[in-house]
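Residue-level structure breakdown
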Amino acid sequence: MAGSSYDALVIGAGHNGLACAAILAKAGQKTLILEANETAGGLAGTREFTAGFSAPMAHSAAALPKTMIDELKLSSYGLEVGPALETVGLSEDGQHVHVIGDTVTGATDADAAAYPEYRAKLQRYAKVLKPIWEATLPRIGASSLKEALIYAQGALKMRMLGKEDMSEFLRILTLPMRDLVDEVFEDPKLQAVLSWDGLIGSKMAPRSPNNAVLPMLLRLGGVHGGDHMVPKGGMGAITKALLAAAQKQGVEVRFGAPIKKVIVEGSEAGQKATGVELVNGEIISAPKVISSADPKTTFFDLVGAPAFDVQFASRIKRLRAQGYVARFNAALSGLPDVPGLDGLSGRYIIAPSFDAIEFAFDDAKYGDASQHPVMEVTFPSVHDASLAPEGKHVLSAHVMYAPHDERSDWSHDARIRFTKAIGDALERHMPGIGSLIIQAELLTPKDIAADYHVAGGHWHHGEMALDQMLMMRPTYHAAQYSTPLQGLYLCGAGTHPGGGITGLPGRNAARQILR
Ligand SMILES: Cc1cc2nc3c(=O)[nH]c(=O)nc-3n(C[C@H](O)[C@H](O)[C@H](O)COP(=O)(O)OP(=O)(O)OC[C@H]3O[C@@H](n4cnc5c(N)ncnc54)[C@H](O)[C@@H]3O)c2cc1C
């Protein structure tokens, strides 16, 4: 376009925006990223929540695939894959359940014996889906040979499972987590732990049908086949490496540059995005505008509904994207001494059973924060000493459930009640932790929405449910990274394959745009 000094503008320096920009720039596209916040990473970034204490937003990377690490040569930018993390189902009596690799301890002998086969089965199914996650899925009704081949490849991989396994794969795909896990395991704590990765980040509980297994299989595509991982030096290393990789390719990044709107030009017959206007009034033009902001923010706040036909706008409006997970950060004067635990480098699940999760969800379904929340706790400063002053530590908890639309709109009282419920649960499982807390922060989905510019404060920019996944993410006519508005593309977690730290939406979008 005349007068434009960039080929592509990327909205947002979250990890998908960075991945997208790096690949575009590598292919010779002059690319500028505009980020509203002062730092990179977005929901995968690091947050100073009180003076001297910071926490990474994401606890761990289960789903980061080797494909991303290799394609962007992230190892040469300092990313070193860490060992598999242990996941521990905490018990008040110190009799915890431990899960790592093929090994389960602390549950029944039958559970321990069944786990390797259960895990191997899920890993086989995750492998079937790998080419699907890493491709642009053709539009429904697309008929070119190349497009058909993408599905054929998936079908072939499925066929290669053999008849029995293929039937089993199809059977479990839509099971609620409770049914999937309950068929094999009997220990309530282990059941809760194994259902956790299907539920976290979503508006789902163990009995919720249809939607948990597919996102869980995506999470099994990471470097440790489903085990979680924190890179050497902490989670911040992922954003650092992506930013360095992008800048090395020549990507320019401007922080503190919130975009007010996408500029749309042309007649009604042929409108197109031609650039952006920043909140400070500055206009930057480019023939391609690629948004890593969530679909609702992109289409409604940055472009405006009138640019789209009514049906499309209505589908975007109806996307389910209300966050249900809160974040609790605490600055600690030291690490707690948790009975039955040796070291605190793992993930600690406080959810004694399926029912505990389900009852916590029941409150949230009707607009209340859970009276007895369930949570995943980590101590990020154990992996990255720079997050706290010497000798001090940071606790971080992902707490379910905290509806974005809490009935009092997250009044002061509601916050106090919820914070107390979190503190009580922590104290029961980590006696004495309360006396170590110097300062704490509760981030409800409403706070996440405000601080990270994501509508609804949803972890994944939208529910990862069957009707909002694959060739329908975020919705048809915008599921191949292009949108109904010429020149406007999507590259964030709201696109295929979805949220979590994978970099795949950004990478797939860049590859599609370059075609
Ligand atoms: C509390 C929390 C914990 C999580 N924990 C985990 C975890 O342990 N493991 C895991 O795999 N996943 C986790 N997730 C999910 C994961 O972090 C996200 O799905 C993923 O980081 C989304 O990346 P993204 O780049 O697509 O979007 P984002 O990270 O949301 O990036 C979008 C960027 O666009 C910017 N932006 C938006 N609007 C504008 C504008 N108008 N102008 C300029 N810039 C704009 C935003 O500021 C943001 O930086 C967690 C999410 C949350 C909220």
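1. Some points on the domain arrangement of the protein chain
Per the domain assignment, the segments of the protein chain are domain 1 (8-80 + 233-320 + 454-513), domain 2 (117-219) and domain 3 (325-403 + 407-443). The C-alpha-based centres of domain 1 and domain 2 are spaced at 25 Å. Taken over both partners, the interface formed by domain 1 and domain 2 buries close to 2200 Å², and the fraction arising from carbon and sulfur atoms is 61%. Linking domain 1 to domain 2 there are zero salt bridges. Between the two partners, domain 1 and domain 2, sit eleven residue pairs in polar contact (both at pLDDT 80 or more). The biggest single contributor to the side of domain 1 that touches domain 2 is helix H16 (residues 504-513), with four residues. Along the lines of polarity and charge, the residues of the side of domain 1 that touches domain 2 split into 14 nonpolar, ten polar and two charged.

2. A short note on the site of the ligand
In the neighbourhood of the ligand, 35 residues make up the surrounding shell, with Asn16, Glu35, Leu43, Ser60 and Ala493 lying closest. Here an oxygen atom of the ligand and a backbone polar atom of His59 are 2.8 Å apart. Within the complex, the protein chains bury 96% of what would otherwise be the 1000 Å² of accessible surface of the ligand. Among the residues forming the shell around the ligand, the class breakdown is 16 nonpolar, 17 polar and two charged.

3. Details of the sheet that holds strand E14 (residues 347-350)
Taken together, the eight strands give an open sheet; going across it, the order is E7-E6-E5-E14-E15-E16-E13-E17, and neighbouring strands pair in mixed fashion. Two strands close off the open sheet at either side, each with one partner strand: strand E7 (103-105) and strand E17 (437-443). Here the strands of the sheet are splayed against their neighbours by 20 degrees on average, with no regard to which way each runs. Pairing of strand E15 (residues 374-378) with strand E16 (residues 393-400) involves five bridges; the strand directions are antiparallel. Paired with Glu376 across the strands is His398, a residue of E16.

4. A word on the pairing of strand E4 (residues 53-56)
Residues Phe53 and Ala55 line one face of E4 and the alternating positions Ser54 and Pro56 line the opposite face, and both faces are buried. Pairing of strand E3 (residues 46-50) with E4 involves four bridges; the strand directions are antiparallel. Note that in E4 the partner of Thr46 across the bridge is Pro56. Where E3 hands over to E4, the hairpin turn is made up of two residues, of which Gly52 adopts a positive phi near 90 degrees.

5. Remarks on helix H10 (residues 295-303)
For H10, the tally of buried residues reaches seven of nine residues, placing the bulk of the element in the interior. Buried residues of H10: Pro295, Lys296, Thr297, Thr298, Phe299, Leu302 and Val303, and no others. Packing partners of the buried residues in H10 comprise strand E1 (8-11), strand E9 (259-265), strand E12 (288-291), helix H11 (310-317) and strand E18 (488-490). Capping of H10 at its N-terminal end is provided by Asp294; its side-chain oxygen lies 3.2 Å from the backbone amide nitrogen of Lys296.

6. Comments concerning the side chain of Arg347
Looking at where Arg347 falls in the secondary structure, it is placed in strand E14. Only 2.9 Å separates the side chain of Arg347 from the side chain of Thr87, close enough to count as a polar contact. Within the structure, the side chain of Arg347 is placed 3.0 Å from the side chain of Glu376, a separation counted as a polar contact. Apart from the residues lying within four places of it in its own chain, the contact partners of Arg347 are Ser60, Leu85, Glu86, Thr87, Val88, Trp196, Asp197, His228, Glu376, Val377 and Thr378.

7. A short note on the nonpolar core
Residues Ile290 and Tyr401 are the most contacted members of the largest nonpolar core, which totals 101 residues. Take this core: its biggest share by element is nine residues, from helix H3 (residues 109-133). Not counting residues up to four positions away in its chain, the partners in contact with Tyr401 are Leu199, Ser202, Met204, Ala205, Tyr324, Ile357, Ala360, Phe361, Ala364, Ala369, Ser370 and Phe418. Among the nonpolar cores identified, the runner-up in size contains 29 residues, and Phe328, Ala330, Ala402 and Ile433 belong to it.

8. Description of the side chain of Ser370
The residue Ser370 is located in the loop between helix H12 (354-365) and E15 in this model. With a relative accessible area of 2%, Ser370 lands in the buried category. At 2.7 Å, the side chain of Ser370 and the backbone oxygen of Ala360 are in polar contact. Within the local environment of Ser370, its side chain forms a polar contact with the backbone nitrogen of Tyr401, the two atoms lying 2.9 Å apart.

9. Describing the sheet that holds strand E11 (residues 283-285)
Reading across the sheet, the three strands line up as E9-E10-E11 and stay open at both edges, with antiparallel pairing between neighbours. For this open sheet the edge positions go to E9 and E11, each flanked by a neighbour on one side alone. Averaged over all pairs of adjacent strands, the angle between their axes in this sheet comes to 30 degrees, without regard to strand direction. In the sheet, strand E10 (residues 272-278) pairs with E11 via three bridges, with the strands oriented antiparallel. Note that in E11 the partner of Gly275 across the bridge is Ser285.

10. A word on the packing of helix H1 (residues 15-26) against H16
Interhelical geometry of H1 versus H16 gives an angle of 30 degrees and a closest axis separation of 7 Å. Regarding the angle of H1 to H16, the classification is roughly parallel. The handedness of the crossing between H1 and H16 comes out as right-handed. Residue-level contacts link Asn16, Ala19, Cys20, Ile23 and Leu24 of H1 to Leu504, Pro505, Gly506, Arg507, Ala509, Ala510 and Ile513 of H16.

The rules we used
Residues numbered from 1 in each chain as written. Predicted model: local features only at pLDDT ≥ 70, side-chain atom pairs only at ≥ 80, totals over all residues. Heavy atoms only, no water. Domains from an automatic or database assignment. Buried area = accessible area lost by both parts, 1.4 Å probe. Salt bridge = Lys/Arg side-chain N within 4 Å of Asp/Glu carboxyl O. Polar contact = N/O pair within 3.5 Å; in protein donor to acceptor, adjacent residues only side chain to side chain. Helix = DSSP H or I, 4+ residues; strand = E, 2+ residues; numbered from the N terminus. Nonpolar A, V, L, I, M, F, W, Y, C, P; charged D, E, K, R; others polar. Near = heavy atom within 4 Å. Areas by Shrake-Rupley, 256 points an atom, 1.4 Å probe, with all protein chains shown as cover. Pairing = 2+ DSSP bridges. Axes fitted to C-alpha atoms, helices over the stretch in contact; angles between N-to-C directions. Buried < 20%, exposed > 50% of the residue type's maximum accessible area, 1.4 Å probe, protein only. Contact = heavy atoms within 4.5 Å. Core = buried A, V, L, I, M, F, W, Y, C linked by side-chain atoms within 4.5 Å. Parallel < 35°, antiparallel > 145°, perpendicular 65-115°, else oblique. Left-handed = near helix turned anticlockwise from the far one by under 90°.

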